[in-house]
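Tertiary structure, described
What follows is each chain in one-letter form.
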Amino acid sequence: MANRSYGWIQNPGKFDNLQHVVQILDSSSAQYKLLRDKLVPELIYFKDIKSELLYKLQSNISTFTYSELVGSAKDKYGDSVSSSGVGRKGAMADGLIQVTIPSQNKSKPWTDNWTSDGYLRWAVSLNFVRPDEKSSEFEITQLGVSFSKAHTEKKRDAILARAFLSYPPATRILSILSQNIDHSLSKFQLGHKLGFYGEPGFTSYSNKLMQQYLKSAQEKKEISKIKSDIEGTSDKYARMISKWLSKVGYVEIHGTKIRNDYDKIISGFPTYSITGKGLHALNQSIGKSKNNRVSKFVRWEFFATTGKNRDYLRFRRAKIIKILMHTPRKSLRALMDNLKATGINDSINVIKNDVLGLANCGIRVSIDGNYIELKDKIQDFLIPTLNINNVLKDKHLEKIKEKFLENTSLDPRFISLIEISRDKKQNRAFEIITAELFNTSYNLSAIHLGGGRRPDVLVYNDNFGIIVDTKAYKDGYGRNVNQEDEMVRYITENNIRKQDISKNNWWKYFSKSIPSTSYYHLWISSEFVGMFSDQLRETSSRTGENGGAMNVEQLLIGANQVLNNVLDPNRLPEYMKNQEIIFGTL
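Our subject in this report is the structure included herewith.

Here we come to the pattern of salt bridges. The full count for this structure, using the stated rule, is 37 salt bridges. Measuring nitrogen to oxygen at the nearest pair gives 2.9 Å for the salt bridge that ties Arg36 to Asp37. A residue is classified by how much of its surface remains accessible, and Arg36, at 22% relative accessible area, is partly exposed. Between Glu231 and Arg239 there is a salt bridge whose closest N-O contact spans 2.6 Å.

We now examine the pairing of strand E3 (residues 137–140). Going residue by residue along E3, you find Phe138 and Ile140 tucked away on one face and Glu137 and Glu139 left uncovered on the opposite face. The pairing of strand E1 (residues 64–65) with E3 spans 2 bridges and is classified as antiparallel. Note on E3: the bridge partner recorded for Phe64 is Phe138. As paired elements, strand E2 (residues 129–131) and E3 share 3 bridges and run antiparallel to each other. By the bridge assignment, Pro131 is partnered in E3 with Phe138. As consecutive antiparallel partners, E2 and E3 are separated by 5 residues, and within that stretch Ser136 has a phi angle of approximately 65°, a positive value.

This next bit is on the packing of aromatic side chains. As enumerated under the stated definition, the model contains 29 aromatic pairs in all. Plain terms: the ring middles of Tyr473 and Tyr477 are 5.3 Å apart, the flat faces sit at 25° to each other, and that makes the pair stacked. Classification of Tyr477 as buried rests on a relative accessible area of 1%. Here the aromatic cluster, defined as three or more aromatic residues joined through ring pairs, consists of Trp8, Phe196, Phe202, Tyr237, Phe302, Phe303 and Phe381. The residue whose ring lies beneath Arg317 is Phe196, and the NZ or CZ to ring-centre distance is 3.9 Å. Above the ring of Phe414, the side-chain terminus of Arg413 is found at 5.1 Å from the ring centroid.

In terms of nonpolar packing, the biggest core is built from 105 residues, with Leu69, Phe128, Phe164, Phe303 and Ile363 touching the most fellow members. At 8 residues, helix H16 (residues 310–326) tops the list of elements feeding residues into this core. Contact partners of Phe128, with chain neighbours within four places excluded, come to Leu18, Val22, Ala123, Ile140, Thr141, Leu143, Gly144, Phe147, Ile159, Leu160 and Ala163. If you look at the next biggest cluster of nonpolar residues, it comprises 53 residues, including Met210, Ile258, Leu555 and Ile557.

Another aspect to go through is the sheet that holds E2. Taken together, the 3 strands give an open sheet; going across it, the order is E1-E3-E2, and neighbouring strands pair in antiparallel fashion. Pairing within the sheet leaves two strands with one partner each, and these edge strands are E1 and E2. In the packing of helix H7 (residues 113–125) onto the sheet, the strands contacted are E2 and E3, and the crossing angle to E2 comes to about 100°.

Our focus in this paragraph is the packing of helix H23 (residues 427–440) against helix H26 (residues 552–563). With their axes 11 Å apart at the nearest point, H23 and H26 run at an angle of 25° to one another. One way to sum up the angle between H23 and H26 is to call them roughly parallel. When you trace H23 past H26, the crossing you get is left-handed. Taken together, the residues of H26 that come into contact with H23 (itself represented by Phe430, Thr434, Leu437 and Phe438) are Val552, Leu555, Leu556 and Ala559.

Cut-offs and rules
Residues numbered from 1 in each chain as written. Predicted model: local features only at pLDDT ≥ 70, side-chain atom pairs only at ≥ 80, totals over all residues. Heavy atoms only, no water. Salt bridge = Lys/Arg side-chain N within 4 Å of Asp/Glu carboxyl O. Buried < 20%, exposed > 50% of the residue type's maximum accessible area, 1.4 Å probe, protein only. Helix = DSSP H or I, 4+ residues; strand = E, 2+ residues; numbered from the N terminus. Pairing = 2+ DSSP bridges. Phe/Tyr/Trp six-rings, centres within 6.5 Å; stacked < 30°, edge-to-face > 60°. Lys NZ or Arg CZ within 6 Å of the ring centre and 35° of its normal. Core = buried A, V, L, I, M, F, W, Y, C linked by side-chain atoms within 4.5 Å. Contact = heavy atoms within 4.5 Å. Axes fitted to C-alpha atoms, helices over the stretch in contact; angles between N-to-C directions. Parallel < 35°, antiparallel > 145°, perpendicular 65-115°, else oblique. Left-handed = near helix turned anticlockwise from the far one by under 90°.

Structure, rendered in structure tokens:
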């Protein structure tokens, strides 16, 4: 069976579509017959695939492979749409889920393989469908049969409402909202408390910074993009789960209005609150007695979503849960001994952070003194046989993260910057989380701007301002003349401050009391390589302004020094000497 991230779902949300996907694996369902008699004959493009699918459907076979369900993204010539250049819209239908879910694109009646994959993950995560580990085929579960045969919306939603109480992230959202009954929360406030801290697969953006970001947007297109597309992965999970829960009456969604920086009233980010029905369901699912609790359903893939060491993290966390399923209350020392017996030799701080993450994922596990306790019933699950040495792909990276967990007072979410700063695809997360770090740990004002010919981040107080440019590079950031020119342009715009130079007036966010001679520039990256020092000297020479560079480890060390009163953030300008800034070591 291929290794996929079941347990966390980003895009699907329609209950009708989910039920139809489950019904593909129920040969007695109307959807199965519709596929056999109409959808596959009319919509599957490739003759060989159509023939194979029709053979199984006409034989009443109700197990299908991943490729038969999800399909691919190929054009009519059988080439990948990414390589042929036609884009996803040019993909032809070749999967059962693709032709089951109606497309939002009016030019074709089928959906894409990415959406199909999302619905399959959703069905697996709610225990309606399961992959057979040996045959690599998917089959319907007993719960899935009940869901498939629910012939009214009321019965269907009742099954979903119960299933959500077995899905840990859904009960986590309800739990967070139950602790904030007097006010509603945004997806960012929920996302901050959802998932495993310190990992790029569970990023969350600051609610305060995102509100500022939305207020600073000038054009409708940018406003729409910020509201719909710019969010951390945990924020996205929180938004999707909250929408599901609203459809079964557990959560209420509230529209908001804000006044932006151009004195216009615009729609803000929606907020969420728990309903009486949701609170009652949560309390019932927890149960005062062990026998009344709703058991939680997880698969081992649930325990990490991305990164080189994903399978190692999954294995370690799955082992923690398995040990506690056998002995729900256990001393930390005994737990560590049990883990070492399986080849896991991480420090106690790493294990404690795992426990915090498990709790944030919706599994009720906690540390009380020297003991750890699992309060949930967990349905048994399979951990594949793995060689620990083989699945730990980047031991050096894990050791760096462990060093910061053990030796700093930093929120583990910020330690995720160590990994994020090495991933170009996470450049937006790098910008926003860096801004939050300056805001919360350095105790400086910070605003994320990004895009639209504006700096990534502004950091300031009443005495100085810093233009920050973040660079996410796997192997470090070296000199780049074009990006040097871009920084020079920002510095020049800030010095001249005329609207005809930059219509968005981004410099207006700096404090008005900052002296004209107290502005600086700063590059932040995973590390700096090659001739980058030339970029620092040239930028200063061309602008007359001093600046610096910080690798992400020094960024975190500085933040920790501020938290421990070793470094005064108001003296940050003293480090701007057109060279790499070093605060110290751990």
